[in-house]
Amino acid sequence: MEPLIIVDGANVVGSVPDGWWRDRAGAAARLRDALADRDRSALPGDVTLVVEGAARGVPPVDGVPVEAAPQSGDDHIVALVRDNVGHRPVIVVTSDRLLRQRVTQLGASIVSPGELRAAIPYGGRRDSI
């Protein structure tokens, strides 16, 4: 069964010092597009991008649903994990220590932003995860 990969958009965008703070929605859209263009053999599964704050208006694209967190992005990610972990493997992409703890207690696995960036055309080389 293919995993659900939940991407903490703010955390991943914030891991690339490319001026994202000047255009948070644009940075989230670039991440979304890189996820959509991914090599599915390097990053298999269904990917959901979670955005918050100024990036809430970023629309989904084919193959990458975008979930706009109504409040805390972390709380929204935890709810997505809780809703899915009993049905399929769930992987959360984040380096946030507290969020990592919360989702692993629910049964999710963790991938770092660096590992994700290495697997998609977003700020680095492409390896599989």
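Residues numbered from 1 in each chain as written. Predicted model: local features only at pLDDT ≥ 70, side-chain atom pairs only at ≥ 80, totals over all residues. Heavy atoms only, no water.

Q: Help me out: how do you make sense of the packing of helix H3 (residues 73–84) against helix H4 (residues 97–106) in this one?
A: A packed helix pair is summarised by two numbers, namely the angle formed by the two axes and the spacing between the axes. Across the interface, H3 lies against H4 with an axial gap of 9 Å and an inter-helix angle of 15°. Here H3 is positioned roughly parallel relative to H4, judged by the angle of their axes. As H3 packs across H4, the resulting crossing turns out to be right-handed. Contact with H3, carried on its side by Asp74, Asp75, Ile77, Val78, Val81 and Arg82, involves Leu99, Arg102, Val103 and Leu106 of H4 and no other residues of that element. Class assignment for the residues of the contact of H3 with H4 results in 6 nonpolar, no polar and 4 charged. (Axes fitted to C-alpha atoms, helices over the stretch in contact; angles between N-to-C directions. Helix = DSSP H or I, 4+ residues; strand = E, 2+ residues; numbered from the N terminus. Parallel < 35°, antiparallel > 145°, perpendicular 65-115°, else oblique. Left-handed = near helix turned anticlockwise from the far one by under 90°. Contact = heavy atoms within 4.5 Å. Nonpolar A, V, L, I, M, F, W, Y, C, P; charged D, E, K, R; others polar.)

Q: When you look at the pairing of strand S1 (residues 4–8) in this model, what are you seeing that I'm missing?
A: Sheet faces and side chains relate simply in a regular strand, where the side chains alternate between the two faces. In terms of residue burial, S1 counts as a mostly covered element, since 5 of its 5 residues are buried. Neither face of S1 is exposed, since Leu4, Ile6 and Asp8 on one face and Ile5 and Val7 on the opposite face are all buried. The pairing of S1 with strand S2 (residues 46–51) spans 5 bridges and is classified as parallel. The residue bridging Ile5 from the neighbouring strand is Val47, located in S2. When S1 meets strand S4 (residues 90–93), the two strands line up parallel, connected through 4 bridges. Pairing of Ile6 across the sheet is with Val92, part of S4. (Buried < 20%, exposed > 50% of the residue type's maximum accessible area, 1.4 Å probe, protein only. Pairing = 2+ DSSP bridges.)

Q: Just checking my understanding: could you explain the nonpolar core for this structure?
A: In this structure, Val7, Leu31, Leu35, Leu49, Leu116, Ile120 and Tyr122 are the most contacted members of the largest nonpolar core, which totals 26 residues. By residue number, the principal contributor to this core is helix H2 (residues 24–36), which donates 6 residues. When sequence neighbours within four positions are dropped, the list of residues in contact with Tyr122 reads Val12, Val13, Val16, Asp18, Ala27, Arg30, Leu31, Ala34 and Arg117. Counting residues in hydrophobic clusters, the runner-up holds 13 residues, among them Ile6, Val78, Val103 and Ala108. (Core = buried A, V, L, I, M, F, W, Y, C linked by side-chain atoms within 4.5 Å.)

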